[in-house]
Amino acid sequence: ATALNHAVYRGDTAMAALLLESGADWRTPHGFKDNVLGTLSWASQNETADNPGPADYVGCARALLEHGVPLSVFEDYHFALGVPEFLDGVRLGR
């Protein structure tokens, strides 16, 4: 997995944003043949106590959108932990 995948898996918004600003590509596939949105989907639905990260999956979704990931791409995935509500707000212009 890429550093961006690891940051998003942990829900580390600051690191995800830094990596995206530095040129990380959200489309780069990881070992499960998906991109970072698959990582965000899985992590937000399967949060575990052994994840040492901040678990800010809404912040990671925001960072991905702010760095060029089209909103329409998110529609191919399922999310939890506030991400769906955040994305609905973006769709509605909130």
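The model shown is predicted, which means the values in this text are computed figures rather than measured ones. What you see as residue numbers is a count from 1 along each chain, following the sequence as written. This being a predicted model, a pLDDT of at least 70 is required before a residue's local features are given, and a value of 80 or more before pairs of side-chain atoms are given or counted; all residues contribute to the totals for chains, interfaces and linings. In computing side-chain properties, one takes all heavy atoms of the structure into account and sets aside hydrogens as well as water.

> Which residues make up helix H6 (residues 83–91), and what values go with them?
Relative accessibility under 20% of the residue-type maximum defines a buried residue, over 50% an exposed one, and the middle range a partly exposed one, all with a 1.4 Å probe and only protein chains included. Each helix corresponds to a stretch of at least 4 residues labelled H or I by DSSP, and each strand to a stretch of at least 2 residues labelled E; elements are numbered beginning at the N terminus. Where H6 is concerned, the buried positions are Val 83, Phe 86, Leu 87 and Gly 89. Across the axial projection of H6, the buried residues extend over an arc of 155°, all falling on one side. The secondary structure elements touched by the buried residues of H6 are helix H3 (36–45), helix H4 (57–66) and helix H5 (71–74). Positive phi shows up at Gly 93, right after H6, with a value of about 80°. Within this analysis, the arc is defined by the directions that extend from the helix axis to the C-beta atoms. Throughout, a contact is declared for two residues whenever any of their heavy atoms are within 4.5 Å.

> Quick one: what's the story with H3, residue by residue and with numbers?
The element H3 is largely enclosed, with a buried count of 8 among its 10 residues. Residues of H3 that are buried include every one of Val 36, Leu 37, Gly 38, Thr 39, Leu 40, Ser 41, Ala 43 and Ser 44, and no others. Packed against the buried residues of H3 are helix H1 (3–10), H4, H5 and H6. Any pair of N or O atoms that falls within 3.5 Å is considered a polar contact. Within protein, one atom must be able to donate a hydrogen and the other to accept it, and sequence-neighbouring residues count only if both atoms are side-chain atoms. In this structure Asn 35 caps H3, since a side-chain oxygen of it lies 2.7 Å from the backbone nitrogen of Leu 37.

> So what about unusual backbone geometry? Which residues, and what values?
The phi dihedral of Lys 33 falls on the positive side, at around 65°, and the residue is not glycine. Its location among the elements puts Lys 33 in the loop between helix H2 (13–21) and H3. You can call Lys 33 exposed: its relative accessible area is 73%.

> Can you explain the nonpolar core? Please cite residues and give values.
As used in this record, nonpolar core signifies buried Ala, Val, Leu, Ile, Met, Phe, Trp, Tyr and Cys residues forming a set joined through side-chain atoms within 4.5 Å. Ranked by internal contacts, the top residues of the largest apolar core, which has 27 residues, are Leu 4, Trp 26, Leu 37, Leu 40, Leu 64 and Phe 74. For this core, the secondary structure elements donating two or more residues are H1, H2, H3, H4, H5 and H6. Discounting residues that sit within four places of it in the chain, Leu 64 has contacts with Leu 20, Trp 26, Val 36, Leu 37, Leu 40, Val 69 and Phe 74.

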